Amino acid sequence: MKVVIVGGVAGGATAAARLRRLDEKMEIIMVERSGYISYANCGLPYYIGGSITDKKALTLQTPESFYNRFRIDVRVHQEVTKINALEKKVTIHNFEDHTTYQESYDKLILSPGAKAVLPPITGIALENVFTLRTVEDTFKIDDYLKEHEVKKAVVVGAGFIGLEMAENLKEKGIDVTIVQLMDQILTPLDKDMAAIVQNYIKNQGIELLLGTSLTKILKKENETIAVLDHQKEIACDMILMAVGVQPDSQLAKTAGIDLGIKGAIKVNAHMQTNIDDIYAVGDAVEVKHFITQTDSLISLAGPANKQGRIAADHICGIDRLYKGSQGSSILKLFDMHIATTGLNEKEAQTAKIDYDYVIITSSSHAAYY
């Protein structure tokens, strides 16, 4: 059997490793458009901040180590551009020599992940406007910080990446302003819990502008101007866009694969799409919320790893089911830790679920310690 996997990182790399453990003779090809096949997205801000100093520590596996350990044919800097489901072939473009070729498959696993959302505003393509999604993004930001004197940064978006980047830039001595469109940070939190974190952020010396949007970015002489609504302007040296991600599902769409909410790939509990012998896993797929059983989009590494194993199991004849995600996550912010799982109050109300809540304030360890 020959399996082609589109994309690495959490879902694709996990599926590849699991397939090899289940079948020593299977031909496995993994195609990854970046130069990195297995890395932890959550660690990227901490390399920029200096907590992680070794570039190699960011990557869990390299193409060489993956081949030496699992005998998996890993092709980096290559991208699958087309799927021919009838002939069971994919078209692959090689960025290094600019050639295009076809590869056949018996089973195909899609793990394209998600891409950063960029609003269509003036100045979004300036060289000092960044997103943070890949290892390459990390090195690009780090190089810019080393080559330029950055005193002021604007972070647009107050989700996980936005807050972690704000922390790490602040730790480097950079003045940071967070611009958040919603009236609270970290939407998985209830508003009263988010308020605790918001006050903490301000106490760390970070300016937090809630209910505010970035309308355009201007270049004036040596300054970059972030123009906010109500015509408020902030002069800065760099801008990080962290307003969210969306499923990278265009390849699936052109192949005739059914899409669901926000363009996510529809799959069943075996991670199968509507087209025979094509599976999909990771940030690009629609899942069932474990509690409400409604269609959801939950972009986290834990579910992606599990989905990769389940797809591999099903290909090898093991009947395992993915039972849904409940969005368990944790964030470190300076000396505060914020964790969440399941539904918050607003989501329970939307789902018309009867609920109660309790607020507890207590020590996390014995007082003498």
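Now for a quick tour of the structure. (Residues numbered from 1 in each chain as written. Predicted model: local features only at pLDDT ≥ 70, side-chain atom pairs only at ≥ 80, totals over all residues. Heavy atoms only, no water.)

1. Description of the packing of aromatic side chains
(1) Moving on: Enumeration according to the criterion identifies five aromatic pairs in this entry.
(2) Moving on: On the numbers, 5.2 Å between centres and 65° between planes, the contact of F66 with F70 is edge-to-face. Here F66 pairs with F70, and both are found in helix α3 (residues 63–70), just four residues apart, close to one helical turn.
(3) Moving on: The exposure class assigned to F66 is buried, which follows from its relative accessible area of 3%.
(4) Moving on: Accessibility expressed as a relative area gives 7% for F70, which makes it buried.
(5) Moving on: On the basis of an interplanar angle of 65° and a centroid distance of 6.4 Å, the ring pair of Y200 and F334 is categorised as edge-to-face. On the criterion of sequence distance, the pair formed by Y200 in helix α6 (residues 191–203) and F334 in the loop between β23 (329–333) and β24 (336–340) is long-range, its members being 134 residues apart. The two residues Y200 and F334 agree in class, both being buried. (Phe/Tyr/Trp six-rings, centres within 6.5 Å; stacked < 30°, edge-to-face > 60°. Helix = DSSP H or I, 4+ residues; strand = E, 2+ residues; numbered from the N terminus. Buried < 20%, exposed > 50% of the residue type's maximum accessible area, 1.4 Å probe, protein only.)

2. A look at the sheet that holds strand β20 (residues 278–280)
(1) Moving on: Strands sit in the order β5-β2-β1-β9-β20 across an open sheet of five strands; the sheet is parallel. Edge strands, defined here as strands with exactly one partner in the open sheet, are β5 (73–76) and β20. Going across the sheet, the axis of each strand differs from the next one's by a mean of 15°, ignoring polarity.
(2) Moving on: For strand β9 (residues 107–110) and β20, the ladder comprises three bridges, and the chain directions are parallel. Bridging from a neighbouring strand, L110 pairs with A280 of β20.
(3) Moving on: Sheet strands touched by helix α8 (residues 301–315): β1 (2–6), β9 and β20. Its angle to β20, the strand with the most contacts, is close to 160°. (Pairing = 2+ DSSP bridges. Axes fitted to C-alpha atoms, helices over the stretch in contact; angles between N-to-C directions. Contact = heavy atoms within 4.5 Å.)

3. Let's talk about α6
(1) Moving on: Given a rise of 1.5 Å per residue, 13 residues ought to cover 18 Å, and the 18 Å separating the end C-alpha atoms of α6 matches this to within 8%.
(2) Moving on: Among the residues of α6, A194, V197, Q198, Y200 and I201 are the ones counted as buried. All buried residues of α6 lie within an arc of 160° about the axis, which places them on one face of the element. Facing away from the buried surface of α6 by more than 90 degrees, the exposed residues are I196 and N203.
(3) Moving on: Turning to α6, the residues buried within the fold contact α5 (160–171), β13 (175–180), β14 (207–210), β23 and β24.
(4) Moving on: G205 sits one or two positions beyond α6 and adopts a positive phi of about 90°. (Expected span 1.5 Å × (residues − 1). Arc of directions from axis to C-beta.)

4. Focus on empty space enclosed by the protein
(1) Moving on: The tally for this structure, following the rule as stated, stands at one cavity of 30 Å³ or more.
(2) Moving on: The calculated volume of the largest cavity comes to roughly 50 Å³.
(3) Moving on: It is β24 that provides the largest number of residues to the lining of the largest cavity, a total of three residues.
(4) Moving on: Broken down by class, the residue content of the lining of the largest cavity amounts to seven nonpolar, one polar and no charged. (1 Å grid on protein atoms, 1.4 Å probe; cavity = no way out; pocket = protein on both sides within 12 Å on 5 of 7 lines; lining within 4 Å. Points joined across faces, edges and corners; volume = space filled by probe spheres on them. Nonpolar A, V, L, I, M, F, W, Y, C, P; charged D, E, K, R; others polar.)

5. What to know about the pairing of strand β7 (residues 89–94)
(1) Moving on: Pairing geometry for strand β6 (residues 78–84) and β7, over six bridges, is antiparallel. Residue pairing in the sheet places I83 in a bridge with V90 of β7.
(2) Moving on: Connecting the antiparallel pair β6 and β7 is a turn made up of four residues, with K88 showing a positive phi of about 55°.
(3) Moving on: As judged from the six bridges shared by β7 and strand β8 (residues 99–104), these two strands associate in the antiparallel manner. Bridging across to β8, K89 finds its partner in S104.

6. Some words on the environment of N168
(1) Moving on: Within the element layout of this structure, N168 appears in helix α5.
(2) Moving on: Since its relative accessible area comes to 2%, N168 is described here as buried.
(3) Moving on: Here the alpha-carbon distance between N168 and L333, two residues 165 residues apart in the chain, equals 9.3 Å.

7. Describing the side chain of T91
(1) Moving on: For T91, the location among the structural elements is in strand β7.
(2) Moving on: Each residue touching T91, except ones within four places of it in the same chain, is listed here: E79, V80, T81, K82, T100, Y101 and Q102.

8. As for the side chain of D190
(1) Moving on: With respect to the helices and strands, D190 occurs in the loop between β13 and α6.
(2) Moving on: The side chain of D190 is buried and forms no salt bridge, while K346, the nearest opposite charge, is found at 9.2 Å.
(3) Moving on: Within the local environment of D190, its side chain forms a polar contact with the backbone nitrogen of E345, the two atoms lying 2.7 Å apart.
(4) Moving on: If sequence neighbours within four positions are ignored, D190 has contacts with Q184, N344, E345 and K346. (Lys, Arg positive; Asp, Glu negative; His and termini not counted. Salt bridge = Lys/Arg side-chain N within 4 Å of Asp/Glu carboxyl O. Polar contact = N/O pair within 3.5 Å; in protein donor to acceptor, adjacent residues only side chain to side chain.)

9. Observations concerning the packing of helix α1 (residues 11–22) against α3
(1) Moving on: Running from amino to carboxyl end, α1 crosses α3 at an angle of 20°, the nearest separation of the two axes being 11 Å. For the element pair α1 / α3, the angle class is roughly parallel. Once α1 is placed against α3, the crossing between them reads as right-handed. For the pair α1 and α3, the contacting residues are A13, A16, A17, R20 and R21 in the first and F66, R69 and F70 in the second.
(2) Moving on: A class-by-class count of the residues in the contact of α1 with α3 yields five nonpolar, no polar and three charged. (Parallel < 35°, antiparallel > 145°, perpendicular 65-115°, else oblique. Left-handed = near helix turned anticlockwise from the far one by under 90°.)

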